[in-house]
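In case you want the letters, here they are:
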Amino acid sequence: MKNSIKLISMLALITACSPDENVSSALIYKNNMDGVHAWTEKHPANFIRTETAYSGLYVCKVNNESPYSTTFYMKLGDISSKTIKILKVSGWIQVPDMNAQATLVVDFLDQNKQSFDYIAKNCRDELKGTNKWVKITNEINLSTGKRINPENFVKVYFTNNAQQPLLVDDMIVEFED
């Protein structure tokens, strides 16, 4: 009886651990802003503590003095040895004033770090008023043009050139093959 239970358990474990060839794998990079504060000695000046963060205690404040949020920056070939087909990006934003110029940027750079495909999504249409957190998303097909070259780099960030601040929290960058 014990041997039967062991055999069934081992078969269940092997089946559970077998890869499913039909399921795409995702590589996910997350930044909830609290991690940056916890893992760096010199905190960026635009990281502020607030009780109204989407999650945790810290957000990235983006305005004309610090026009860029924390930035995801990586060489595509360092992300996966497989061909990546889809890039999904998201982040939660809040504006205390509707004059903020919130933009979600995905920028592709060649091996010489020269931008060749700059995708800017204006977030204004998705805002639901002031002081309300809104999830902003964008999905990019990486098989278009020369985006998929493993020698290229990808940058993802929010920007705002207005004096009125944009608060950013919980950014996610996800790659799917």
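This text follows the structure it describes.
Numbers given to residues run from 1 along each chain, matching the order in which its sequence is written. Side-chain atom pairs in this predicted model are given and counted only at pLDDT of 80 or more, local residue features only at pLDDT of at least 70, and totals for whole chains, interfaces and linings cover all residues. Note: side-chain values were computed over all heavy atoms of the structure, leaving out hydrogens and water.

**Student:** A description of the pairing of strand S9 (residues 153-159) should follow, citing residues and the corresponding values.
**Tutor:** Whether a residue is buried, partly exposed or exposed follows from its accessible area with a 1.4 Å probe, protein chains only, as a fraction of its type maximum: under 20%, in between, or over 50%, in that order. In this text, helices come from DSSP runs of H or I with a minimum length of four residues, and strands from runs of E with a minimum of two, each type numbered from the N-terminal end. Most of S9 sits inside the fold, with six of its seven residues counted as buried. DSSP-based pairing: two strands are paired if at least 2 bridges between them are found. Alignment of strand S6 (residues 103-109) against S9, held across seven bridges, turns out to be antiparallel. By the bridge assignment for S9, aspartate 107 is matched with lysine 155.

**Student:** Before we move on, can you summarise the sheet that holds S6 with the specific residues and values?
**Tutor:** Spatially, the four strands line up as an open sheet ordered S4-S9-S6-S7, and their pairing is antiparallel. On the outer flanks of this sheet lie strand S4 (72-75) and strand S7 (115-122), each paired with one strand and no other. Sheet twist, expressed as the mean angle between neighbouring strand axes with direction ignored, is 10 degrees. In the sheet, S4 pairs with S9 via four bridges, with the strands oriented antiparallel. Bridging from a neighbouring strand, lysine 75 pairs with phenylalanine 153 of S9. The axes used here are C-alpha line fits, helices contributing only the stretch in contact, and every angle between their N-to-C directions lies in the interval 0 to 180 degrees.

**Student:** Quick one: what's the story with the side chain of aspartate 107, residue by residue and with numbers?
**Tutor:** Within the fold, aspartate 107 resides in strand S6. When charges are counted, neither His nor the chain ends are considered; positive counts come from Lys and Arg and negative counts from Asp and Glu. Every case where a carboxyl oxygen of Asp or Glu lies within 4 Å of a side-chain nitrogen of Lys or Arg is listed as a salt bridge. With no salt bridge to any partner, buried aspartate 107 finds its closest opposite charge in lysine 155, at an N-O distance of 5.1 Å. Here the side chain of aspartate 107 touches serine 115 through a polar contact of 2.5 Å, side chain to side chain. For aspartate 107, the contacting residues outside a window of four places in its chain are Ser115, Asp117, Tyr118, Phe153, Val154 and Lys155. We call two N or O atoms a polar contact when they sit within 3.5 Å, provided that within protein one can donate a hydrogen and the other can accept it, with sequence-adjacent residues counted only if both atoms are side-chain atoms. Any two residues whose heavy atoms approach within 4.5 Å at even a single point are treated as in contact.

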